[in-house]
Amino acid sequence: MEQSKFVLTEDKLPTRWYNIQADLPEPLPPYLHPGTKQPLGPADLAPLFPMELIMQEVSQERYIDIPEEVQQVLRLWRPTALFRAHRLEKLLDTPAKIFYKYEGTSPPGSHKPNTAVAQAYYNKKEGIKRITTETGAGQWGSSLAFACQLFDIECKVYMVRVSYNQKPYRRIMMETWGATCVPSPSPDTKAGRDMLEQDPDCPGSLGLAISEAVEDAVMREDTHYSLGSVLNHVLMHQSVEGLEALQQMEMAGYYPDIIIGCVGGGSNAAGLTFPFLQDKLTGKKPDLRVIYVEPDSCPTLTKGLYAYDYGDVAGMAPIAKMFTLGHTFMPPPVHAGGLRYHGMAPAICHLHKLGFVEARSVPQLATFEAGIQFARTEGIISAPETNHAIRAVIDEALKCKESGESKVILFNHSGHGHFDMAAYQAYLAGQLSDYAYPADLVQEALKHLPEVPAGL
Ligand SMILES: Cc1ncc(COP(=O)(O)O)c(C=O)c1O
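Residues numbered from 1 in each chain as written. Predicted model: local features only at pLDDT ≥ 70, side-chain atom pairs only at ≥ 80, totals over all residues. Heavy atoms only, no water.

Caption draft 1: Spotlight on the nonpolar core. Grouped together as the largest cluster of nonpolar side chains are 61 residues, with contacts concentrated most on Tyr225, Phe274, Tyr292, Ile348 and Leu351. At seven residues, the largest contribution of residues to this core is made by helix α13 (residues 267-281). Ranked by size, the runner-up nonpolar core spans 33 residues in total, among them Trp17, Ile66, Val70 and Cys181. (Core = buried A, V, L, I, M, F, W, Y, C linked by side-chain atoms within 4.5 Å. Buried < 20%, exposed > 50% of the residue type's maximum accessible area, 1.4 Å probe, protein only. Helix = DSSP H or I, 4+ residues; strand = E, 2+ residues; numbered from the N terminus.)

What follows is the structure, encoded as structure tokens:
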């Protein structure tokens, strides 16, 4: 049997992040100010983010140094291992070779602290005392709580109500790391109160929780806001995954034909795929296929409109050009809470629009079926979000079985599902169902896109 685990020593931890903006054939469209609808300048973002992150957001430098203090924390669990899924290959009886980068060994259990640590560090450096954020599945909130604790910053998390109810242990994790966590919509902000008045049983959404966290941050001098996905600097912080995986695939003696990741806001998938996409953008690997996977019930890349839209429900966050289902769209309460976002990272949307990457959507039940096959072969019980990637990996491996091709498939395993047992219980008891694509709701939401100046 060929080797199954590819491990890098600590000295192989990347010391620079990769910024894909340097290699894009066309620059990203600018963000717009939610009030004036004009392109944003760095000063407009200063109430929300530290200046070093704002400069990273628009930087065209190919590589940016990872500060020593950030590297020191990342070394608690990085470099992460890359595995060959021999047992899954055997179960599927496929000639495909399946590899995965496992991000579930971080203290909070996912890829999210790769950026949380960097963001807490830059905020601390700028003298910020408190950070607010939103969380869907709870993976991001717990990652920021962990990072804030290490840099001695207060942290308040607005957690989408449906996930807050489904996952009490994620909240307790955040509290263990010293953060405060409230269900969103909450009575603590105007955006939350307005929604509760309209619908007291509102399940919440990432877009709404972002509105609450942004409102809280702009109301206080000592507070900044932090976003766990979507923005360029977040995607760039995640590039440690791909930079490590490039070294590990070389150790394995293969280069991937297909790379797969699940996408909510796009950060874990970008983290693994962007350093490989550099080879495609520069013409070194023109045939590389990259597939991003999302839920049927929230199919942003596959069914959304490519347009300028607000990043949040209340229209307080910057306006970005992205595939969107409409900022007022409230996705069905699927268990993959981290994939319930109306928009998508502008960088991912741009690459999709230019034809460098593919997207596909999958139904909820099929993702759990894939997750169970993975757990029963590779052992890891995966987050429901990750199961979306695993579904697409299995589908591609089965295609190889039919065609007899021995393709090399690499995917990002974004996190474990140890706090998602209620979802697995419901699946195993036959109580989960698929949600059809809510076309009417999306059509309604798309009527509320902001009007932006002609030519943008
Ligand atoms: C385990 C896991 N995977 C994936 C995601 C999706 O987010 P992103 O697309 O930013 O990686 C989340 C978000 O909460 C998550 O917790």
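Now that the structure is up, let's keep going.
Caption draft 2: The arrangement of the environment of isoleucine 380 in detail. With respect to the secondary-structure elements, isoleucine 380 resides in the loop between α16 (364-378) and α17 (384-403). Remark: the alpha-carbon pair of isoleucine 380 and threonine 9, spanning 371 residues in sequence, is separated by 23 Å. Once you skip the residues sitting within four places of it in the chain, isoleucine 380 turns out to touch Tyr100, Tyr102, Phe374, Ala375 and His413. (Contact = heavy atoms within 4.5 Å.)

Caption draft 3: How the structure looks around the pairing of strand β10 (residues 258-262). β10 sits mainly inside the fold: five of its five residues count as buried. Across the two faces of β10 the burial is the same, with Ile258, Ile260 and Cys262 and Ile259 and Gly261 all buried. Bridge count for β10 against strand β11 (residues 289-295) is five bridges, and the pairing is parallel. Counted as the bridge partner of isoleucine 260 is isoleucine 291 from β11. Assessed by its sense of winding, the connection that carries the chain from β10 through α13 to β11 is right-handed. Note that β10 and strand β15 (residues 408-413) share three bridges and pair parallel. In the sheet register, isoleucine 260 faces β15, and the bridge partner there is phenylalanine 411. (Pairing = 2+ DSSP bridges. Right-handed = clockwise from strand over helix to strand, strands pointing away.)

Caption draft 4: Molecular detail of the packing of aromatic side chains. A full pass over the atoms with the stated rule returns 16 aromatic pairs. Summarising the aromatic geometry, the rings of phenylalanine 6 and phenylalanine 99 are spaced 6.2 Å apart at their centres and angled 50° between planes, so their arrangement reads as tilted. Placement of phenylalanine 6 in strand β1 (residues 5-6) and of phenylalanine 99 in strand β5 (residues 97-102) is noted, with a sequence separation of 93 residues between them. Look at phenylalanine 368 and tyrosine 427: their rings are 5.6 Å apart centre to centre, the planes differ by 20°, and that puts the pair in the stacked class. Separated by 59 residues along the polypeptide, phenylalanine 368 in helix α16 and tyrosine 427 in helix α18 (residues 421-428) bring together distant segments of the chain. Look at tyrosine 427 and you get partly exposed, because its relative accessible area is 21%. A connected cluster of aromatic rings, assembled from ring pairs, spans Phe83, Tyr100, Phe374 and Phe411. The side chain of lysine 285 reaches across the aromatic face of tyrosine 255, ending 4.4 Å from its centre. (Phe/Tyr/Trp six-rings, centres within 6.5 Å; stacked < 30°, edge-to-face > 60°. Lys NZ or Arg CZ within 6 Å of the ring centre and 35° of its normal.)

Caption draft 5: Spatial organisation of the sheet that holds strand β6 (residues 130-135). If you trace the four strands from one edge of the open sheet to the other, you get β8-β7-β6-β9, paired in parallel fashion. Pairing within the sheet leaves two strands with one partner each, and these edge strands are β8 (180-184) and β9 (223-225). Along the sheet, successive strands turn relative to each other by an average axial angle of 25°, direction set aside. Here three bridges tie β6 to β9, and the two strands are oriented parallel to one another. (Axes fitted to C-alpha atoms, helices over the stretch in contact; angles between N-to-C directions.)

Caption draft 6: Examining the site of the ligand more closely. Taken together, 16 residues lie around the ligand, and Ser229, Gly264, Ser267, Asn268 and Ser414 are the ones closest in. Between the ligand and the protein, one listed contact pairs an oxygen atom with a side-chain N or O atom of histidine 111 at 3.0 Å. At 3.3 Å from an oxygen atom of the ligand is found a side-chain nitrogen or oxygen belonging to lysine 112. Protein chains bury 97% of the 390 Å² of accessible surface belonging to the ligand in isolation. (Near = heavy atom within 4 Å. Polar contact = N/O pair within 3.5 Å; in protein donor to acceptor, adjacent residues only side chain to side chain. Areas by Shrake-Rupley, 256 points an atom, 1.4 Å probe, with all protein chains shown as cover.)

Caption draft 7: Representation of helix α6 (residues 139-150) within the structure. Along its 12 residues, α6 runs 17 Å from first to last C-alpha, staying within 8% of the 16 Å computed at 1.5 Å per residue. Judged by how many residues are buried, α6 sits mostly within the fold: 10 of 12 residues are covered. All of the buried residues in α6 are Gln139, Trp140, Gly141, Ser142, Ser143, Leu144, Ala145, Phe146, Ala147 and Cys148. Packed against the buried residues of α6 are α3 (68-74), α5 (113-125), β6, β7 (154-160) and α8 (168-176). (Expected span 1.5 Å × (residues − 1).)

Caption draft 8: Here's a closer look at the packing of α13 against helix α15 (residues 346-353). Orientation of α13 relative to α15, taken along the N-to-C sense of each, is 40°, at an axis distance of 12 Å. The angle between α13 and α15 falls in the class oblique. The crossing of α13 and α15 is left-handed. In this structure, α13 uses Ala270, Phe274, Leu277 and Leu281 to contact α15, whose residues at the interface are Ala347, Ile348 and Leu351. In terms of residue class, the contact of α13 with α15 is made up of seven nonpolar, no polar and no charged. (Parallel < 35°, antiparallel > 145°, perpendicular 65-115°, else oblique. Left-handed = near helix turned anticlockwise from the far one by under 90°. Nonpolar A, V, L, I, M, F, W, Y, C, P; charged D, E, K, R; others polar.)

Caption draft 9: Examining the side chain of serine 229 more closely. Inspection of the secondary structure assignment puts serine 229 in the loop between β9 and α11 (232-237). A polar side-chain atom of serine 229 sits 3.4 Å from the main-chain amide nitrogen of glycine 266. In this structure the side chain of serine 229 is engaged in a polar contact, spanning 3.4 Å, whose partner is the backbone nitrogen of serine 267. Setting aside chain neighbours within four positions, we find serine 229 in contact with Lys112, Val234, Gly265, Gly266 and Ser267.

Coordinates in, geometry out; function isn't part of it.
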